[in-house]
Amino acid sequence: MIRAYLNAQFKRTAKLSAVVLPVSLLLFLCLGLVAALFLTRGPFSENRSRYGIAVVGNIGDSYLGFGIKAVQSLDDSRFVVDFDTMPMDEAEKALRRGEVAAIFVIPDDFLDSVLYGRNDAKITYITGDSQKTIGTLLIDQFARLASELIISSQAAVYGMQDLLISHHTDGTAFREISDKMYLELAGLVMTRTALTEVEELGFSDGEDQVSWYFHTILLFFCFLFGMSSAGVFLLRNPSLPRWMRMRGLSAAAQVLCEYLVYLLLTLLCTMIPLWVLIRILENLKLGIVFPAFYELFPALLPVLLLTSALQFFLYESVKSPVAVFLLQFFLAAGMGYLSGYFYPPGFFPATLRFIGQLLPTGVALSYLRGVVEDLPPAGAAVGIIVYAVLSIILSVHIRRRTIAMGGAL
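What you see is a predicted model; the values in this text were computed from it and never measured.

K.L.:
How should helix α3 (residues 88-97) be read in this particular structure?
P.N.:
Within an α-helix, residues lying three or four positions from one another point in the same direction, as the helix has 3.6 residues per turn. Listed as buried for α3 are Ala91, Ala94 and Leu95. Considered in projection along α3, the buried side chains sweep an arc of 100 degrees and stay on one side of the axis. The exposed set on the far side of α3, more than 90 degrees from its buried face, consists of Arg96 and Arg97. Where the residues of α3 are buried, they touch β1 (51-56), β3 (102-105) and β4 (124-126).

K.L.:
Can you walk me through the sheet that holds strand β2 (residues 81-85) in this structure?
P.N.:
Note on sheets: strands pair through backbone hydrogen bonds, and any given pair is parallel or antiparallel. Here four strands make up an open sheet; going across it, the order is β2-β1-β3-β4 and the pairing mixed. Of all the strands in the sheet, the pair left with one neighbour each is β2 and β4. Within the sheet, the average angular offset between the axes of one strand and its neighbour, ignoring direction, is 25 degrees. Across five bridges, the pairing between β1 and β2 is parallel. Residue pairing in the sheet places glycine 52 in a bridge with aspartate 82 of β2.

K.L.:
I would appreciate a short explanation of helix α11 (residues 293-317) in the present structure.
P.N.:
Between its first and last C-alpha, α11 extends 34 Å over 25 residues, near the 36 Å set by a 1.5 Å rise per residue. Of all the bends in α11, the greatest reaches close to 35 degrees and is centred on leucine 300; the proline proline 302 follows between one and four positions later.

K.L.:
Please clarify how the packing of α11 against helix α12 (residues 321-338) should be interpreted in this entry.
P.N.:
Two quantities define a packed helix pair, namely the angle between the helix axes and the distance between the axes. α12 packs onto α11 with a crossing angle of 145 degrees between their chain directions and a minimal axis gap of 10 Å. Taken as a pair, α11 and α12 cross one another with a handedness that is right-handed. Residues Gln311, Leu314 and Tyr315 of α11 form the contact with α12, whose participating residues are Val324, Phe325, Leu327, Gln328 and Leu331. Tallied by class, the residues present in the contact of α11 with α12 amount to six nonpolar, two polar and no charged.

K.L.:
I'm lost on the packing of aromatic side chains in this one. Help?
P.N.:
Remark: the centre distance and the inter-plane angle together describe each pair of aromatic rings, the angle taken between the planes. Following the criterion strictly, the structure yields eight aromatic pairs and no others. When the ring of phenylalanine 225 is compared with that of tyrosine 262, the centres are 6.2 Å apart and the planes differ by 35 degrees; the resulting orientation is tilted. Linking phenylalanine 225 in helix α7 (residues 209-228) with tyrosine 262 in helix α10 (residues 251-284), this pair joins segments that are 37 residues apart in sequence. For tyrosine 262, a relative accessible area of 1% corresponds to the buried category. A centroid spacing of 4.4 Å and a plane angle of 5 degrees characterise the contact between phenylalanine 233 and tyrosine 315, whose relative ring orientation is stacked. Within this pair, whereas phenylalanine 233 is found in helix α8 (residues 230-234), its partner tyrosine 315 is found in helix α11, the two being separated by 82 residues in sequence.

K.L.:
Can you walk me through a nonpolar patch on the surface in this structure?
P.N.:
There is a patch of nonpolar side chains on the surface, built from Leu25, Leu268, Ile272, Trp275, Val276 and Ile280 and spanning about 490 Å² of accessible area. For the nonpolar patch, the leading source of residues is α10, giving five residues. Along the chain, the position of leucine 25 falls in helix α1 (residues 2-41).

K.L.:
What should I look at first to understand the pairing of β1 in this one?
P.N.:
On a regular strand, each side chain points to the face opposite its neighbour's, so the side chains alternate between the two faces of the sheet. Of all six residues in β1, six are buried, a share of seventy percent or more. Burial along β1 is two-sided: the residues Tyr51, Ile53 and Val55 and Gly52, Ala54 and Val56 are all buried. Where β1 meets β3, four bridges bridge the pair, whose relative direction is parallel. The residue of β3 that forms the bridge with valine 55 is phenylalanine 104.

K.L.:
Just checking my understanding: could you explain the side chain of serine 178 for this structure?
P.N.:
Within the element layout of this structure, serine 178 appears in helix α6 (residues 171-190). Taking relative accessible area as the criterion, serine 178 reaches 3% and is therefore assigned buried. Those residues in contact with serine 178, other than ones at most four positions away along the chain, are Met160 and Gln161.

K.L.:
Mind showing me how you'd approach empty space enclosed by the protein here?
P.N.:
Rolled over the atoms, a probe as big as a water molecule pinpoints where empty space is left. Summed over all chains, the structure comprises one cavity of 30 Å³ or more. Considered as a void within the structure, the largest cavity measures approximately 60 Å³ in volume. Lining of the largest cavity is provided by Gln9, Arg12, Thr13, Val232, Phe233, Arg236, Glu258, Val261, Tyr262 and Phe312. Elements that contribute at least two residues to the lining of the largest cavity include exactly α1, α8 and α10.

K.L.:
For this particular structure, what's the right way to read a negative patch on the surface?
P.N.:
Negative charge collects at one region of the surface, where Asp84, Asp89, Glu90 and Glu92 lie side by side. Broken down by element, the residue count for the negative patch peaks at three residues, all from α3. With respect to the helices, strands and loops of the structure, glutamate 90 is situated in helix α3.

K.L.:
Sorry, what's going on with the pattern of salt bridges here?
P.N.:
Two side chains of opposite charge can pair, provided their charged atoms sit close to one another. In total, this model carries two salt bridges according to the counting rule given. Arginine 399 serves as the salt-bridge partner of glutamate 258, at 2.9 Å between the closest nitrogen and oxygen. Taken together, the positions of glutamate 258 in helix α10 and arginine 399 in helix α15 (residues 378-405) put the pair 141 residues apart, joining distant regions of the chain. Of the two residues, glutamate 258 and arginine 399, both sit in the buried class.

K.L.:
Honestly, the packing of helix α13 (residues 350-358) against helix α14 (residues 360-372) in this entry has me stumped. Any pointers?
P.N.:
In the contact formed by α13 and α14, the axes pass within 4 Å of each other and the chain directions differ by 75 degrees. The orientation of α13 with respect to α14, classified from their angle, is roughly perpendicular. Contacts from Gly356, Gln357 and Leu358 in α13 reach Pro360, Gly362 and Val363 in α14. Of the residues that constitute the contact of α13 with α14, the class distribution is three nonpolar, three polar and no charged.

Conventions used here
- Residues numbered from 1 in each chain as written.
- Predicted model: local features only at pLDDT ≥ 70, side-chain atom pairs only at ≥ 80, totals over all residues.
- Heavy atoms only, no water.
- Buried < 20%, exposed > 50% of the residue type's maximum accessible area, 1.4 Å probe, protein only.
- Helix = DSSP H or I, 4+ residues; strand = E, 2+ residues; numbered from the N terminus.
- Arc of directions from axis to C-beta.
- Contact = heavy atoms within 4.5 Å.
- Pairing = 2+ DSSP bridges.
- Axes fitted to C-alpha atoms, helices over the stretch in contact; angles between N-to-C directions.
- Expected span 1.5 Å × (residues − 1).
- Bend = angle between axes of the 7 residues up to and from the residue.
- Left-handed = near helix turned anticlockwise from the far one by under 90°.
- Nonpolar A, V, L, I, M, F, W, Y, C, P; charged D, E, K, R; others polar.
- Phe/Tyr/Trp six-rings, centres within 6.5 Å; stacked < 30°, edge-to-face > 60°.
- Patch = residues over 30% accessible without salt bridge, like charges linked within 9 Å, V, L, I, M, F, W, Y side chains within 5 Å.
- Areas by Shrake-Rupley, 256 points an atom, 1.4 Å probe, with all protein chains shown as cover.
- Salt bridge = Lys/Arg side-chain N within 4 Å of Asp/Glu carboxyl O.
- 1 Å grid on protein atoms, 1.4 Å probe; cavity = no way out; pocket = protein on both sides within 12 Å on 5 of 7 lines; lining within 4 Å.
- Points joined across faces, edges and corners; volume = space filled by probe spheres on them.
- Lys, Arg positive; Asp, Glu negative; His and termini not counted.
- Charge placed at Lys NZ, Arg CZ, Asp CG, Glu CD.
- Parallel < 35°, antiparallel > 145°, perpendicular 65-115°, else oblique.

Shown next as structure tokens:
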């Protein structure tokens, strides 16, 4: 009886695959286009090497103007920031057009306020009111750094001069020591990058941006595949489980047979688009190294065991087509968001990162990256087994209740 039921499910699913495969290809293409737009137009798409800052104020013949010119020609920040002096109206227009990332408005008495230690004249810092980008975040840090350098240098100079005055130092020695300290502080500021060691950690956990989103978009497709294969579940004969139970086929045997066939369909409709995508990327010669198909296939197999079991459980427990469609999408999007599918996990607090790692989406991502990068994904493998087995057990329980409510023995 099990073989006959399994053969019947194979034949039925083979007929439906003629529709499911093109729909899955379309879904894969749509996700690929969304990923391309996200990488090229999204918050991580800024590829400019320098960001513009509009400076408003009369600084041409002052020490401040000399300092800005020194920064533009000598300081390492010249590789990141460009200063451009302009009137306020032009600066506002440039900010609205996105030509500059911020506006620094310097009052006329700012330099005197700093030189005489009053610090009562402050620079006004203006940015756009839209969502913060990497550029504006860098400018925020640059402004905070400049403020700390000015205040700390000012405190050091005045502290040194108060000490000289208390020791009744003569005017010549006072000026010589002060000039020497000015140069010393300027040298420390200009060479501050030598005090640190830069280590590139990649986009997330040492992985570059393209590889990260290649993995996450692929997994997101796997979790959404149930939407394109809805016909496998929604076109079932509702009285068939009761009739097969009366013929001696238990609910567990029915679920396992149907799940096995659905898993094979998932493999077919995932691996074919993936193979086509990898071949296209290889022929485009983008200079980006993607995982080979033979590396991804064994890594994706346990993931598909998990996603197929979850989708089977959802269709078994929710009978409304609209409800199960919405539930699949929002579950995949919500869990994927917390697990770093759209933003790296480092953007979230530690509690949310921990929750995202425990979700099915987080377990799948950890396992896939672990296998591809030759890391031991033991914990993720256990998580996949637990989620898959639990989904199948719950599906069997729901099938038994459905049969019992229909009056079958």
